[in-house]
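# Notes for the structure review
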Number of protein chains: 2
Amino acid sequence: MNRKQTSTSANAQILGRVRSLSRRSVRDREHSFWIEGIRQFVQAFDSRLDFSAVVYSPILLKSALAEMLIRRLAAAGVPRYRVSPEEFRSVGAALHASGVGAIVRQHWTPLDVAAHRQGLGWLIVESIRSPGNLGTMLRTAEAAGMSGVIFVGPDCDPFDPVVVRACMGGMFPLPLVRVRMDELAKWGTQQQIQLVGLSPEAEQLWSKAPLTKNVGLVLGEERSGLSEPMRKLCRTTVRLPMTGTADSLNVAMAASVMMYELVRRAQPLA
Amino acid sequence: MNRKQTSTSANAQILGRVRSLSRRSVRDREHSFWIEGIRQFVQAFDSRLDFSAVVYSPILLKSALAEMLIRRLAAAGVPRYRVSPEEFRSVGAALHASGVGAIVRQHWTPLDVAAHRQGLGWLIVESIRSPGNLGTMLRTAEAAGMSGVIFVGPDCDPFDPVVVRACMGGMFPLPLVRVRMDELAKWGTQQQIQLVGLSPEAEQLWSKAPLTKNVGLVLGEERSGLSEPMRKLCRTTVRLPMTGTADSLNVAMAASVMMYELVRRAQPLA
């Protein structure tokens, strides 16, 4: 019926590829991830992410901006796959299918490149169990103006679909770095980074700790907190006071409060 | 097999009641809600909530503390229903069924009773769309030591199962108040509450606004923000700076940063 319609087998192939990206092993191997929805699509474009393929359903898509960007990507050689609403919904996770999604290359930055970036400081993540928490932290990191996010070790995958959804596109412009613990230690010494660990057991209050210009805020796992080697690496540990009976603050909340403490201190006085 | 086993029909009845509490209309009519899991159960007990019924599965339950509390509640006249693991799982939302849950009375506090409570200030919620966001905000409010949470109008239900789960029991000790807008206005004037609205359009930075001793932090809906009448009621509006490209901070993050700004200002100097 429509000459632009790609073949059914090509559609089946790309939809299979999209589905397979829900698995971490596939994401790691292909250095790619799936984004979905107009907001994410536009933000990924604006952040100059590297598009491998666009999947769209003209019947569902109600955004002239997204249509224009699809054409521009196609003109630049990015393959586009026109699918039916049913096909789109078969891979889409959103309640209201937007009709646009894309396979995008993961944007990792090497530590030595990222290190020169200006900004408020680094968010350093050892291990966050909940992808929703991680997504919210990335969103706040971008809003607050952090220099980037450093993942220590292989535990966390910022390209998990739940993380990507929770951060609302906020992670696309953020430099993301993956390092080993020993690389972090070496870099921290070389660049004179003050590693500041957030820990409920710390003596110092978050608001009173002396902080230097180059801060790396270190967040540990939701329940177990910072690992022992990481705790040793942190020159400073700080806590948020808890006056209630709650066991602990949500880790994303604590991280946000601490990032905005950096914002507050970076403000001119008066 | 077991003489303590309650009858199948009694079990079916209580499980039907638990299921019906997932609907707001039923929760409102019965002034009750469902809690689940050892942590919530213990925290509800510690917070002296009013238990209507306990539902437990001895085969699943692996907590001596919870077993002891079930016995104490039973001794105090609270009916308990012993169910099979399958029955428990049929109402439980948790991935790993803990084996204990309870129907508990909603703990609303009248404004004139709550008004005398000491604390850091009030969290005032007009309308939050995401129950996950609301739950996280309640959890932070309790951790930070807020006086309580005031809901303006009927929009938000803190006893929604997703809210209850997201706040990890943090809302149980918190005074919760429901008022109309005109009641809030009258109370604010009488008690000399400084209503401080969080709004991305505000001129004043969150960290620089002069705040009095009695603060009411007002949070609006995720996208539309504060309603016009609420904005007029707020003597002060403040914003968190956003240097990134993200549209806006997550509302729960913004609320947390602002609550900890109150904590910071309440600290003794030096």
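Keep in mind that what you see is a predicted model, and the values were worked out from it rather than measured.

About the criteria used
- Residues numbered from 1 in each chain as written.
- Chains lettered and ligands numbered in written order.
- Predicted model: local features only at pLDDT ≥ 70, side-chain atom pairs only at ≥ 80, totals over all residues.
- Heavy atoms only, no water.
- Salt bridge = Lys/Arg side-chain N within 4 Å of Asp/Glu carboxyl O.
- Helix = DSSP H or I, 4+ residues; strand = E, 2+ residues; numbered from the N terminus.
- Expected span 1.5 Å × (residues − 1).
- Buried < 20%, exposed > 50% of the residue type's maximum accessible area, 1.4 Å probe, protein only.
- Polar contact = N/O pair within 3.5 Å; in protein donor to acceptor, adjacent residues only side chain to side chain.
- Phe/Tyr/Trp six-rings, centres within 6.5 Å; stacked < 30°, edge-to-face > 60°.
- Axes fitted to C-alpha atoms, helices over the stretch in contact; angles between N-to-C directions.
- Parallel < 35°, antiparallel > 145°, perpendicular 65-115°, else oblique.
- Contact = heavy atoms within 4.5 Å.
- Nonpolar A, V, L, I, M, F, W, Y, C, P; charged D, E, K, R; others polar.
- Pairing = 2+ DSSP bridges.
- Buried area = accessible area lost by both parts, 1.4 Å probe.
- Least-squares fit on C-alpha atoms with pLDDT ≥ 70 in both.
- Core = buried A, V, L, I, M, F, W, Y, C linked by side-chain atoms within 4.5 Å.

## What about the pattern of salt bridges?
Residues and elements named next belong to chain B. Overall, the coordinates contain 22 salt bridges over all chains when judged by the stated rule. Between R27 and D157 there is a salt bridge; the shortest N-O distance is 2.8 Å. Note that R27 is positioned in helix α2 (residues 24–30) and D157 in the loop between β6 (148–152) and α8 (161–166), a separation of 130 residues in sequence. R129 is paired through a salt bridge with E221; the nearest N and O atoms lie 2.6 Å apart.

## What about helix α1 (residues 8–20) of chain B?
Relative to the 18 Å expected for 13 residues at 1.5 Å per residue, α1 of chain B spans 18 Å between its end C-alpha atoms, a close match to the ideal helical length. Here α1 of chain B has its buried residues at N11, I14, L15, V18 and S20 of chain B.

## Brief notes about helix α11 (residues 251–266) of chain A
Think of an α-helix as 3.6 residues a turn; residues three or four steps apart then line up on the same face. Residue and element names in this part refer to chain A. The end-to-end C-alpha distance of α11 is 23 Å, a good match for the 22 Å that 16 residues give at a rise of 1.5 Å each. Counting buried positions along α11 gives 14 out of 16 residues, so the element sits mostly inside the fold. The N-terminus of α11 is capped by N250, whose side-chain oxygen sits 2.7 Å from the backbone nitrogen of A252.

## Points about the packing of aromatic side chains
According to the stated counting rule, one finds 14 aromatic pairs over all chains in the structure shown. A centroid spacing of 4.5 Å and a plane angle of 50° characterise the contact between F33 of chain A and F159 of chain A, whose relative ring orientation is tilted. With a gap of 126 residues between them, F33 of chain A in strand β1 (residues 32–36) and F159 of chain A in the loop between β6 (148–152) and α8 (161–166) connect regions that are remote in the sequence. For the pair formed by F33 of chain A and F159 of chain A, the shared burial category is buried. Between F33 of chain B and F172 of chain B, the aromatic rings sit 6.2 Å apart at their centres with planes inclined by 55°, giving tilted as the arrangement. Remark: F172 of chain B occurs in the loop between α8 and β7 (176–179) and F33 of chain B occurs in strand β1 (residues 32–36); sequence separation between them is 139 residues. Classification of F33 of chain B by relative accessible area gives buried; the value is 0%. By relative accessible area, which is 2% here, F172 of chain B ends up buried.

## Here's the deal with the packing of helix α7 (residues 131–144) of chain A against α11 of chain A
All names here are of chain A. Contact pair α7 / α11: the axes reach a minimum separation of 9 Å and the direction vectors enclose 10°. The orientation of α7 relative to α11 falls into the category roughly parallel. Contact residues: α7 offers N133, T136, M137, T140, A141, A143 and A144, while α11 offers V251, A252, A255, S256, M259, Y260 and V263. Classifying every residue of the contact of α7 with α11 by side-chain character gives 10 nonpolar, four polar and no charged.

## Observations concerning the pairing of strand β11 (residues 236–239) of chain B
All names here are of chain B. On β11, burial follows the alternation: T236 and V238 on one face are buried, whereas T237 and R239 on the facing-out side are not. Bridge analysis of strand β8 (residues 194–198) against β11 gives three bridges, and the strand direction is parallel. Opposite V196, over in β11, you have T236 as the bridge partner.

## A short note on the interface of chain B and chain A
The accessible area lost on association of the parts is a frequent measure of interface size. Between chain B and chain A, the residue contacts involve 39 residues of the former and 39 residues of the latter. Between chain B and chain A the total buried area reaches about 3,000 Å² when both faces are included, carbon and sulfur atoms providing 54% of it. When the buried area of chain B at its contact with chain A is split by residue, R139, M253 and Y260 of chain B rank highest and sum to 19% of it. Counting the contacts that link chain B with chain A gives 10 residue pairs in polar contact (both at pLDDT 80 or more). Elements that contribute at least two residues to the side of chain B that touches chain A include exactly α3 (38–46), α7 (131–144) and α11 (251–266) of chain B. Here the side of chain B that touches chain A takes eight residues from α11 of chain B, the largest share from any one element. Per-class residue counts for the side of chain B that touches chain A are 19 nonpolar, 12 polar and eight charged.

## A short note on the relation of the copies chain B and chain A
Overlaying chain B on chain A yields an RMSD of 0.0 Å, the required transformation being a rotation through 180° with an accompanying axial translation of 0.0 Å. On this basis, the relationship between the two copies can be described by a two-fold rotation axis. Among all C-alpha atoms of chain B, that of V257 of chain B lies closest to the rotation axis, at 2.3 Å.

## Considerations on the side chain of T140 of chain A
Tracing the backbone through its elements, the reader meets T140 of chain A in helix α7. For T140 of chain A, the side chain forms a polar contact with the side chain of S256 of chain A, separated by 3.2 Å.

## Concerning the sheet that holds β8 of chain B
Residues and elements named next belong to chain B. Taken in spatial order, the seven strands line up as β7-β6-β5-β10-β8-β11-β9 in an open sheet, and their pairing is parallel. On the outer flanks of this sheet lie β7 and β9 (204–205), each paired with one strand and no other. The sheet contact formed by β9 and β11 spans two bridges and is parallel. For Q204, the partnering residue across the bridge sits in β11 and is V238. Contacting β5 (122–125), β8, β10 (215–219) and β11, α11 runs over the sheet at an angle of about 170° to β10.

## Structural notes on the nonpolar core
Grouped together as the largest cluster of nonpolar side chains are 125 residues, with contacts concentrated most on F41, F51, V54 and L123 of chain A together with F41, F51 and L123 of chain B. Not counting the four nearest positions on each side in its chain, F51 of chain A is found in contact with I35, F41, A44, F45, L73, V78, A102, I103 and V104 of chain A.

## Looking at the side chain of T136 of chain A
Along the polypeptide, T136 of chain A turns up in helix α7. Apart from the residues within four sequence positions on either side, T136 of chain A is in contact with A166 and A252 of chain A together with N250 and M253 of chain B.

## Thoughts on the sheet that holds strand β3 (residues 80–82) of chain A
Residues and elements named next belong to chain A. Spatially, the four strands line up as an open sheet ordered β1-β4-β2-β3, and their pairing is mixed. With partners counted over all chains shown, the strands left at the sheet margins are β1 and β3, one partner each. Taking the axes of each pair of neighbouring strands and ignoring which way they run, one obtains an average angle of 15° across the sheet. Across the sheet, helix α1 (residues 8–20) touches β1, β2 (51–56), β3 and β4 (100–105), and the angle it forms with β2 is around 115°. Helix α4 (residues 64–75) contacts β2, β3 and β4 of the sheet and is inclined by roughly 140° relative to β2.

## As for the environment of V162 of chain B
Residue and element names in this part refer to chain B. Position of V162 among the secondary structure elements: in helix α8. The spacing of V162 and H31 is 131 residues in sequence and 17 Å in space, taken between C-alpha atoms. For V162, the residues in contact, after removing those within four places along its chain, are P131 and G132.

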